Amino acid sequence: MKKKFLLCFLLLLPFSAISNEVLKLDWIDLVPEQERNQFDAVGMPKVDHNGAQMQQSLVGGVRQELNGSMVKIPGFVIPLEGDDKVITEFLLVPYFGACIHVPPPPPNQIIYVKFEKGAPIQQLWDVIYIVGTLKTETINSELAETGYLIEGASLEEYDDE
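Residues numbered from 1 in each chain as written. Predicted model: local features only at pLDDT ≥ 70, side-chain atom pairs only at ≥ 80, totals over all residues. Heavy atoms only, no water.

If you look the chain up in an unreviewed UniProt entry, it shows as DUF3299 domain-containing protein from Aliivibrio finisterrensis.

If you want it as structure tokens, here you go:
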């Protein structure tokens, strides 16, 4: 009986170790593989510039299999909630100026971040990594609809390695 229990435990050990790993994601990883042909080389939807003012494109779905994963993803911060020292809620976007100077990316390219302990503002003007639990959850803010939510665990300086 002890041998069977030990064998079962050892067989499950690698699985549990894998499930606790942090997945390092690029923005295109948030787009379902069968929909990636709708996005250009830098992960943005292909755009028709022959029209009126651009609205947020709602093209593309989310990857449900990522729900609940601990992830690390780089991005730029658009503050939503906080004070003059820290922010507690923000949008994480793939490029500088998204949602402010140009039409917002599609929902699967915007992450709503809740950072309960607060992120120091001075750390947020350049690209950063956010590490936390990713959820496939639609949130509508004044600026855009998001397809993902991260409950932030930590911020890390960006490195391109």
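Novice: So, the pattern of salt bridges: which residues are in play, and what are the values?
Specialist: Two side chains with opposite charge may pair up if their charged atoms get near one another. A full pass over the atoms with the stated rule returns 4 salt bridges. For Asp-84, the salt bridge identified is with Lys-85, shortest N-O distance 3.9 Å. In terms of burial, Asp-84 and Lys-85 fall into one category: exposed. In this structure, the salt-bridge partner of Glu-151 is Lys-135, at a minimum N-O distance of 2.8 Å. Highlighted residues: Glu-151 in strand β8 (residues 148-157) and Lys-135 in strand β5 (residues 128-135), separated in sequence by 16 residues. Judged by its relative accessible area of 36%, Glu-151 falls in the partly exposed class. The class for Lys-135 is partly exposed, based on a relative accessible area of 26%. (Salt bridge = Lys/Arg side-chain N within 4 Å of Asp/Glu carboxyl O. Buried < 20%, exposed > 50% of the residue type's maximum accessible area, 1.4 Å probe, protein only. Helix = DSSP H or I, 4+ residues; strand = E, 2+ residues; numbered from the N terminus.)

Novice: Describe the packing of aromatic side chains, listing the residues and the values that go with them.
Specialist: Applying the stated rule across the entire model yields 2 aromatic pairs. Seen in terms of ring centroids, Phe-76 and Phe-96 are 6.0 Å apart; in terms of plane orientation they differ by 75 degrees. Their pairing is edge-to-face. Of this pair, Phe-76 sits in strand β2 (residues 70-82) while Phe-96 sits in the loop between β3 (86-93) and β4 (111-120); the two residues are 20 residues apart in sequence, bridging distant segments of the chain. With centroids separated by 5.3 Å and ring planes inclined at 35 degrees, the aromatic side chains of Tyr-129 and Tyr-158 adopt a geometry described as tilted. Residue Tyr-129 is located in strand β5, and its partner Tyr-158 is located in the segment after β8; the two are separated by 29 residues in the primary sequence. With relative accessibility at 38%, the residue Tyr-158 sits in the partly exposed group. Across from the ring centre of Tyr-129, 4.4 Å away, lies the NZ or CZ of Lys-72, which sits over that ring. (Phe/Tyr/Trp six-rings, centres within 6.5 Å; stacked < 30°, edge-to-face > 60°. Lys NZ or Arg CZ within 6 Å of the ring centre and 35° of its normal.)

Novice: Could you give an account of the confidence of the model for the chain, naming the residues involved and the relevant values?
Specialist: In this model, the chain carries an average pLDDT of 79, and 75% of its residues clear a pLDDT of 70 or more. The low-confidence segment residues 1-18, where pLDDT is below 50, has 0 contacts with residues more than four positions distant or belonging to other chains. (pLDDT = per-residue confidence, 0-100. Contact = heavy atoms within 4.5 Å.)

Novice: Could you give an account of the pairing of β3, with specific residues and numbers?
Specialist: Each regular strand carries side chains that alternate between the two faces of the sheet. Two strands pair when backbone bridges link them, and β2 and β3 are joined in this way by 6 bridges, in the antiparallel orientation. Following the sheet pairing, Phe-76 is matched in β3 by Val-93. The antiparallel hairpin formed by β2 and β3 contains 3 residues in its connecting segment. Pairing of β3 with β4, which is carried by 6 bridges, proceeds in the antiparallel orientation. When the sheet's bridge partners are listed, Leu-91 is paired in β4 with Tyr-112. (Pairing = 2+ DSSP bridges.)

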